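Structure at a glance
So the chains spell out like this:
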Amino acid sequence: MTDTARPDGGRAALAGFVTNRLGRATPRPAPVKAASPAGKSAAQNFENLPGYRELKLQRQAAELIGLGNPFFRVHDAKAGATTRIDQKAFTNFSSYDYLGLNGHPRVSNAAREAIDAYGTSSSASRVVAGERPGHISLEQALAKHYQSEGCVVMVSGHATNVTTIGALLESGDVIFHDALSHNSIVTGAQLSGAQRRSFAHNDLDALETLLQSTRHEHRRALIVVEGLYSMDGDAPDLAGLVALKKRYDAWLMVDEAHGLGVTGRTGAGLFEHCGVDPKEVDIWMGTLSKTLSTCGGYICGPIALIEYLKHTAGGFVYSVGMSPPLAAAAEVALAVMHAEPERVERLRQNGTLFLATAKKLGLDTGFSLGLAVVPIIVGDSLKAVTLSDRLFRRGINVQPIIHPAVPERASRLRFFLTSEHTPDQIRDTVNAVAEELAAIDKGGSLIEQLLAKRV
């Protein structure tokens, strides 16, 4: 008889879920069974994938205390500072529209004009199907922003990191990356075949220790960091990183996915935030899906790098070219960002208000600088999901970030702020977080609540 068939099956599922969440045990794969009459063995059944079994356990645990699924909700409207889900209005903190440019008249009109002129697709890779004017002008605009010699845009931000790192490094090389680096950076490093060494988050002393002890063992070296960390809302010391990359003969790559439009007085990015010449960085990477409100990724740097990627990087050579309306909209969004620095200032004021209000109420905001990303760390996955659900019932949409995306003890709600949030929305939201978190803590541990539901 299976656990789910016993009267205490819910508790058994919960126990398995909690044990897995806390990292106390790793389930062993079941032995492969003989083929069934239908001809499929257990190994061929997708439901036996460990990740799928874990997903089902999470859903069972959530159902026991009446939690809704916080993921994949359908929005009925443009999601910015506010949104609409199931015809109900929400204050929204789960979108990357940092400067409120998604749906901006100039941005939308640029997309419409590009559709009229070129249609909705590039039809094939740019190597095969050729360029569109929007590809070239967007790359020129981004290169100018970073004061670099050239730029290449690709259809996916994740793929931009994967394919660039994978194309540049190989066996015999080494990649040093922050321990909290995005999945795309880690995946690219794994694909490259180079040695991969991570250093403690934003700890340049730890990075230098690694460089001192291992750099001489490898031919080429790449240091990769993020300009604004999307889970924690903090930033690295760029001047210190530039000094290290020069001292140890390494390339420096900065992922500005969440930094463009956010860090620096005018939103130029980490180089403005830290007062560093952008030409000191070898590779600037970014995405078009946050501040620039479209989709895709880009690499800016020396012309030799850009030409190399355009002819050898699989994510560019073997991928369809960026959709013309997306390229046109992103270029105009960048222009609006440059022309309206007051949007960056409003975003900065909103972040400062959110962070100050949260700290005043004793909420744990980690290392956030109070720019566009502010976490509220609550300590375990079940509490984070419960808090998100309670806020949703109060008209606030914010996503929980749980293990394995972050360590179990660091589970959190992650708030993305925009220039379009109002001070009242921010104060009301932070107060609601404090109220609901206090109510959860008063009700006893979530494990006790779950078990009580089954009695």
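In this report, we go over the structure that sits alongside the text. Because the structure is predicted, anything quoted here is derived from the model rather than measured. (Residues numbered from 1 in each chain as written. Predicted model: local features only at pLDDT ≥ 70, side-chain atom pairs only at ≥ 80, totals over all residues. Heavy atoms only, no water.)

Quick word on the overall build of the protein chain
What the protein chain contains, in helices and strands, is 17 helices and 13 strands. If you take every contact in the protein chain between residues at least 6 apart in sequence, the share linking residues at least 24 apart comes to 70%. Split by element, the accessible area of the protein chain, about 20,600 Å² in all, is 53% carbon and sulfur. (Helix = DSSP H or I, 4+ residues; strand = E, 2+ residues; numbered from the N terminus. Contact = heavy atoms within 4.5 Å. Areas by Shrake-Rupley, 256 points an atom, 1.4 Å probe, with all protein chains shown as cover.)

Considering the environment of Val 374
Tracing the backbone shows Val 374 in strand β10 (residues 373-377). For the pair formed by Val 374 and Ser 230, sequence separation is 144 residues and the distance between their alpha carbons is 8.9 Å.

A look at the pairing of strand β4 (residues 174-178)
Looking down a regular strand, the side chains alternate between one sheet face and the other. Counting buried positions along β4 gives five out of five residues, so the element sits mostly inside the fold. Burial of the side chains of β4 extends over both faces: Val 174, Phe 176 and Asp 178 are buried on one face and Ile 175 and His 177 on the other. In terms of strand pairing, β4 meets strand β5 (residues 195-199) through five bridges, oriented parallel. Looking at the pairing, Asp 178 lines up with Phe 199 of β5. Each parallel crossover has a hand, and the one from β4 via helix α7 (residues 183-192) to β5 is right-handed. Judged from the four bridges that link them, β4 and strand β6 (residues 221-226) form a sheet pairing that is parallel. Bridging from a neighbouring strand, Ile 175 pairs with Leu 222 of β6. (Buried < 20%, exposed > 50% of the residue type's maximum accessible area, 1.4 Å probe, protein only. Pairing = 2+ DSSP bridges. Right-handed = clockwise from strand over helix to strand, strands pointing away.)

Some points on the sheet that holds strand β3 (residues 150-154)
The sheet built from seven strands is open, its strands ordered β3-β9-β8-β7-β6-β4-β5 with mixed pairing. Two strands close off the open sheet at either side, each with one partner strand: β3 and β5. For this sheet, the mean angle separating the axes of adjacent strands, direction not counted, is 20°. Where β3 and strand β9 (residues 297-301) come together, five bridges link them in antiparallel fashion. (Axes fitted to C-alpha atoms, helices over the stretch in contact; angles between N-to-C directions.)

Topic: the nonpolar core
By size, the foremost hydrophobic cluster in this structure holds 88 residues, and its most contacted members are Leu 142, Leu 207, Leu 238, Tyr 298 and Phe 354. Ranked by the residues each element gives to this core, the list is headed by helix α13 (residues 324-339), at nine residues. Both domains that furnish three or more residues to this core are identified here as domain 1 (72-98 + 340-451) and domain 2 (103-337). With residues up to four places along the chain from it excluded, the contact list for Leu 238 reads Leu 252, Val 254, Leu 270, Phe 271, Cys 274, Val 276, Val 281 and Trp 284. Formed by 22 residues, the second largest nonpolar core is a distinct cluster that contains Ile 165, Leu 169, Ile 175 and Ile 299. (Core = buried A, V, L, I, M, F, W, Y, C linked by side-chain atoms within 4.5 Å. Domains from an automatic or database assignment.)

Purely geometric numbers; function is a separate question.
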